[in-house]
Amino acid sequence: RENFIHLCNPHLEKMQEDILYHFALGTGTHDFPALFGDVKFVCVGGSPSRMKAFIAYIAEELGLGSAAGDYPNICAGTDRYAMYKVGPVLSVSHGMGIPSISIMLHELIKLLYHAKCSNITIIRIGTSGGIGLEPGSVVITRQSVDATFQPQFEQVILGKTVIRSTNLDEQLAKELMQCGKEINQFNTVIGNTMCTLDFYEGQGRLDGAICLYNEEEKLQYLKEAYDSGVRNIEMESSVFAAMCNLSGVKAAVVCVTLLNRLEGDQISSSHDVLVEYQQRPQKLVGYFIKKSLGKV
């Protein structure tokens, strides 16, 4: 059964051309079905270099290229985002924080719609701060929750507060968890992910330029988060889940934890250790894609 992208915007039908400004792509200048029509898996992450590394990794895993191959940036006409493609896999950077990923997702969802893509799975791969987990653990998000632990994304539109659901595809999370068990290379868990509006005060850190609470208050808050089911903290999952829900797209969030926030705030692991940690979500998602394509 073909499941196409659902666009919640009737105004787009009246437009003769749709310019995806932040991708430097447009329906008047590019043949979207020819360029992207075969895409089935979209992986998004904050860093352009990480998403380039991912496409090189998946190319080798799928036998479609080498890790040392040249993978041109489809969005080379802009410096906002980077996009790479190999076979049925699209890899896109989204920057840091809700505003940045929101802009990217609006244009990505329209790109997939214009390309007439069907049965799409979108997965965010990234890094996070863990709560009560050993560093290097991989968290598959059950629900994205806000800083009050509610499974919702709140946005002001035309001066009114709009609240949207942040549930993610339960079956997809289970499939990814099974992949983690089959790989059996690192600790993998399913848990809630807290999405915050900033890296410092919003996440209860003590090491920002401004901090008007004490360590006891911080630890109490993080323990309350843990008791509510939160296992990691990042800054993009809520709007990601909300927008994928509205567009009818299967979505998941897979993030590695770089530290246990109950034990500190600063990321002190060596560069080599952090690089290996950051490869874990791509290994898990790469295995999932190979399995989905019958290549395992």
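Throughout, a residue's number is its position along its own chain's written sequence, starting from 1. At least 70 in pLDDT is required for a residue's local features to be given in this predicted model, at least 80 for side-chain atom pairs to be given and counted, and no such filter applies to totals for whole chains, interfaces and linings, which use all residues. Side-chain measures here rest on the full set of heavy atoms in the structure, leaving out hydrogens and waters.

(A) Up close: the UniProt feature "domain: Nucleoside phosphorylase" (unreviewed entry) in the protein. Under the UniProt annotation, "domain: Nucleoside phosphorylase" (unreviewed entry) lies at residues 40–289. Think of it this way: any DSSP run of H or I at least four residues long counts as a helix, any run of E at least two long counts as a strand, and we number them from the N terminus. Secondary structure over residues 40–289 splits into 35% helix and 27% strand, and the C-alpha atoms at its two ends are 9 Å apart. UniProt positions are given in the numbering used here, feature names are shortened, and annotations may be inferred rather than shown by experiment.

(B) How the structure looks around a nonpolar patch on the surface. The residues that make up patches have over 30% relative accessible area and no salt bridge, and they are joined within 9 Å when like-charged or within 5 Å when they are Val, Leu, Ile, Met, Phe, Trp or Tyr. Shrake-Rupley sampling with a 1.4 Å probe provides the accessible areas, and residues are treated as covered by the protein chains on show and by no other component. In the sections that follow, a salt bridge refers to a side-chain nitrogen of Lys or Arg positioned within 4 Å of a carboxyl oxygen of Asp or Glu. Together, F199, Y200 and I267 make up an exposed nonpolar region whose accessible area comes to about 250 Å². With respect to the helices and strands, I267 occurs in the loop between β12 (250–260) and α7 (271–292). Exposure remark for I267: the relative accessible area of 38% places this residue in the partly exposed category. We call a residue buried when its accessible area falls under 20% of the maximum for its residue type, exposed when it is over 50%, and partly exposed in between, using a 1.4 Å probe and counting protein chains only.

(C) Structural detail: the packing of aromatic side chains. A pair of aromatic rings is counted whenever rings of Phe, Tyr or Trp (Trp by its six-membered ring) have centres within 6.5 Å, and the orientation is called stacked for planes under 30 degrees apart, edge-to-face for over 60 and tilted otherwise. With the rule as written, the count across this model stands at 5 aromatic pairs. Seen from their ring centres, F23 and Y81 are 6.0 Å apart, and the 85° between their planes marks the pair as edge-to-face. You can see F23 sitting in the loop between β1 (19–20) and β2 (25–26) and its partner Y81 sitting in the loop between α2 (48–61) and β4 (83–86), a full 58 residues away along the chain. Both residues of the pair, F23 and Y81, count as buried. In this scheme, Lys NZ or Arg CZ marks a charge over a ring once it lies within 6 Å of the ring centre and within 35 degrees of the ring normal. One cation-aromatic arrangement involves R205 over F199; the distance from NZ or CZ to the ring centre is 3.8 Å. Cation over ring: R231 sits above Y226, and NZ or CZ is 3.7 Å from the ring centre.

(D) Seen up close, the side chain of T141. Examined against the element boundaries, T141 turns out to sit in strand β7 (residues 138–145). Residue T141 is classed as buried on the basis of its relative accessible area, which comes to 1%. What makes two residues a contact is simply this: any of their non-hydrogen atoms within 4.5 Å. With residues near it in sequence (within four places) discarded, T141 still touches L168, A173, G191, T193 and V253.

(E) Structural detail: helix α5 (residues 215–227). Compared with an ideal rise of 1.5 Å per residue, which puts 13 residues at 18 Å, α5 spans 18 Å between its outermost C-alpha atoms and is within 8% of the ideal. For α5, the set of buried residues is K218, L222 and A225. The buried residues of α5 all sit within an arc of 50° when viewed along its axis, so they share a single face. Across from the buried face of α5, at angles greater than 90 degrees, the exposed residues are E216 and D227. For α5, the secondary structure elements touched by its buried residues are β11 (230–234). Two to three positions downstream of the cap, the backbone nitrogen of E216 sits 3.1 Å from a side-chain oxygen, assigning the N-cap of α5 to N214. Directly after α5, the chain includes G229, whose backbone phi takes a positive value near 105°. Multiply 1.5 Å by the residue count of a helix minus one, and that product is the helix's expected span. Arc definition: it is the arc formed by the directions from the helix axis to the C-beta atoms. As used in this structure description, the phrase polar contact means that two N or O atoms lie within 3.5 Å; if the pair is within protein, one of them must be able to donate a hydrogen and the other to accept it, and residues adjacent in sequence are counted only when both atoms belong to side chains.

(F) Focus on the UniProt feature "binding site: substrate" (unreviewed entry) in the protein. The UniProt entry lists Q203 and R205 under the feature "binding site: substrate" (unreviewed entry), expressed in the numbering used here. The residues contacting Q203, other than those within four sequence positions of it, are T196, D198, L222, I233, E234, M235 and R261. At 3.4 Å, the side chain of Q203 and the backbone oxygen of D198 are in polar contact. With respect to the element layout, R205 can be found in the loop between β10 (188–195) and α5. R205 has contacts with F199, Y200, C211, Y213, L259, R261 and D265, leaving out every residue within four places of it along the chain. Among the polar contacts made by the side chain of R205, one reaches the main-chain carbonyl oxygen of F199 at a distance of 2.9 Å.

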